[in-house]
Amino acid sequence: MSITSYPFDDQAVSEGQFSYLFRELQSTGIADSVNGSAFGVYADSSGMQVKVNPGFALVRGHAVQSTDVEIVPIEAASTSVRVDRVVLRLDPAANQITIGVVKGTPGGGVPALTQSDTNVYEFPLAQVNVAVGAATITATAVSNERRFIGNTVGGWTTATRPENPRIGRLGLNTSTGAWEFWDGARWNDLAPTVTWSSISGRPNDFVPASHTHDWGDVLNKPSTFKPSAHTHDWADVTNKPATYAPSSHSHTWDSVTGKPSTFAPSKHTHAWGDVTGKPSTYAPSSHSHSNYLTSGGTISRANGSDRPHSYSASGSGTYYAVWVDGSHNFCRNTSSIRFKENVRDYPVDPDGVLALRPVIYDRKTTVDERGTVQEGRKDEVGLIAEEVEAAGLDWLVNYLDGRVDGLRYDLLGVALVPVVQRQAAQIADLSERLAALEARA
């Protein structure tokens, strides 16, 4: 059956049943006043040992009583600091409660206790700090861990409050001198001190009634007082300066005397947008150019780099493809072997070239430095520089300030050479195969 009841006449009651009964009547702890001497552990530097006072205690519903001081040995010191724990050890299988020591791990902190519900249960009495090389246990090496029991209410310190208390457990905390109770989540002061800041619903301010105070009753009054706004006759002012430097101020133009009637302008510039009456087009004045190509092979800005695009090339002589550098200078695009060295083959991936995507697009509208809106050209045909870079042909890409900027369209013909060569080889191979098939036919 699932329901049992006990104890009754002519009924066998087990040790476990009595244990459950008694632990409901009283929790595990020392039967003494809070911080009493019962089962108190101490050391007197008499060797590697501690001593335990006589006393009476309940351990998980079982009683234990000692009538004399017990001497408990502590194992020899380790290579690191070790913390041992002196305990009352309940062993139902041995039918006894004894004083024992739970040895800690060197350098491992406070060891855990065995606290099963039906088998061995260890109730802590004290911690023993075993120093490296210690030959004796001193009084300061022992710290109390005992918890105490009461009849209807309990008593404890903050460090020895009951473990796993039920809601409503009440006791006197001798560390704080306050009665406290367990609400299921934390210990609460039964009668907390009420301060103004802890009062809820208090008004923010109070309107004082009309009243007076004696000067001697006023607290925190200043020792001196700043004078209120007032005036002094000039003659009464002492230590005044003989002259005064004017403070920052301004004058109206009409009040300035001795100003010139005209002003020669200093050297300055104007933004193009600020110029009024400027012509919409410009006819070039008569002029000439000399030394179009400098010794370095570049054409200066004065010799045509800023000429409008509507100007067309004319005249006789050799025509060159040109490059424009970052400073808007032109230079010849030379390709003779006499200008080159360290010449070697450069592998070009024909598949990367074949992956290029011709597109048609519109240029974005921009505003130049003069504030003039420049409408972008429509329906331009070309490639996208980022797509060329992604196809592994970054040598065709121009970069400006670390970003993709433009394309070397003049090198596209070089990129197409290996494509044409591969196609030529494929055509030649197919032609040979076709001729072989025709011969066998």
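All of these numbers come straight from a predicted model, not from anything done at the bench.

Draft legend 1. Geometry of the overall build of the protein. A count of helical and extended segments in the protein gives four helices and 23 strands. In the protein, buried positions account for 23% of the 441 residues. A sequence separation of at least 24 residues applies to 48% of the contacts in the protein between residues at least 6 apart. Of the roughly 32700 Å² of accessible surface on the protein, 53% is carried by carbon and sulfur atoms.

Draft legend 2. Looking closely at the sheet that holds strand S11 (residues 154-156). Here we have four strands laid out as an open sheet, ordered S11-S12-S13-S14, and mixed in their pairing. Strands with a single pairing partner mark the edges of an open sheet, and in this sheet they are S11 and strand S14 (187-189). Strand-to-strand, the axes of this sheet are offset by a mean angle of 35°, without reference to chain direction. Pairing of strand S13 (residues 178-182) with S14 involves three bridges; the strand directions are antiparallel.

Draft legend 3. Spatial organisation of the nonpolar core. Grouped together as the largest cluster of nonpolar side chains are 27 residues, with contacts concentrated most on Ile-30, Val-50, Leu-88, Leu-125 and Ile-137. Looking at this core, the elements that each hand over two or more residues are strand S3 (49-52), strand S4 (55-59), strand S7 (82-91) and strand S9 (121-130). The element best represented in this core is S9, accounting for six residues. With near-sequence residues (within four places) excluded, Leu-125 lies in contact with Ile-30, Phe-39, Val-41, Val-52, Val-86, Val-87, Leu-88, Asn-144, Glu-145 and Arg-146.

Draft legend 4. Main features of the environment of Val-275. On the secondary structure map, Val-275 appears in the loop between S14 and strand S15 (298-299). Owing to a relative accessible area of 31%, Val-275 belongs among the partly exposed residues under this scheme.

Draft legend 5. Molecular detail of the environment of Thr-98. Inspection of the secondary structure puts Thr-98 in strand S8 (residues 96-102). For Thr-98 and Ser-66, which are 32 residues apart along the polypeptide, the C-alpha to C-alpha distance reads 9.7 Å. Leave out the neighbours within four places in its chain, and Thr-98 touches Val-87, Leu-88 and Arg-89.

Draft legend 6. View of the packing of aromatic side chains. Evaluated as defined, the whole model comprises six aromatic pairs. One aromatic cluster in this structure is built from Trp-156, Trp-182 and Trp-187. Here Lys-221 stacks its cationic end above the ring of Trp-215, 5.4 Å away from the centre of that ring.

Draft legend 7. Structural detail: the pairing of S13. The side-chain alternation of S13 yields one buried face, formed by Ala-178, Glu-180 and Trp-182, and one unburied face, formed by Trp-179 and Phe-181. For strand S12 (residues 170-173) and S13, the ladder comprises four bridges, and the chain directions are antiparallel. Residue pairing for S13: Gly-171 is matched across the bridge by Glu-180. Counted between consecutive antiparallel strands, the loop separating S13 from S14 contains four residues, among which Gly-184 sits at a positive phi close to 100°.

About the criteria used
Residues numbered from 1 in each chain as written. Predicted model: local features only at pLDDT ≥ 70, side-chain atom pairs only at ≥ 80, totals over all residues. Heavy atoms only, no water. Helix = DSSP H or I, 4+ residues; strand = E, 2+ residues; numbered from the N terminus. Buried < 20%, exposed > 50% of the residue type's maximum accessible area, 1.4 Å probe, protein only. Contact = heavy atoms within 4.5 Å. Areas by Shrake-Rupley, 256 points an atom, 1.4 Å probe, with all protein chains shown as cover. Pairing = 2+ DSSP bridges. Axes fitted to C-alpha atoms, helices over the stretch in contact; angles between N-to-C directions. Core = buried A, V, L, I, M, F, W, Y, C linked by side-chain atoms within 4.5 Å. Phe/Tyr/Trp six-rings, centres within 6.5 Å; stacked < 30°, edge-to-face > 60°. Lys NZ or Arg CZ within 6 Å of the ring centre and 35° of its normal.

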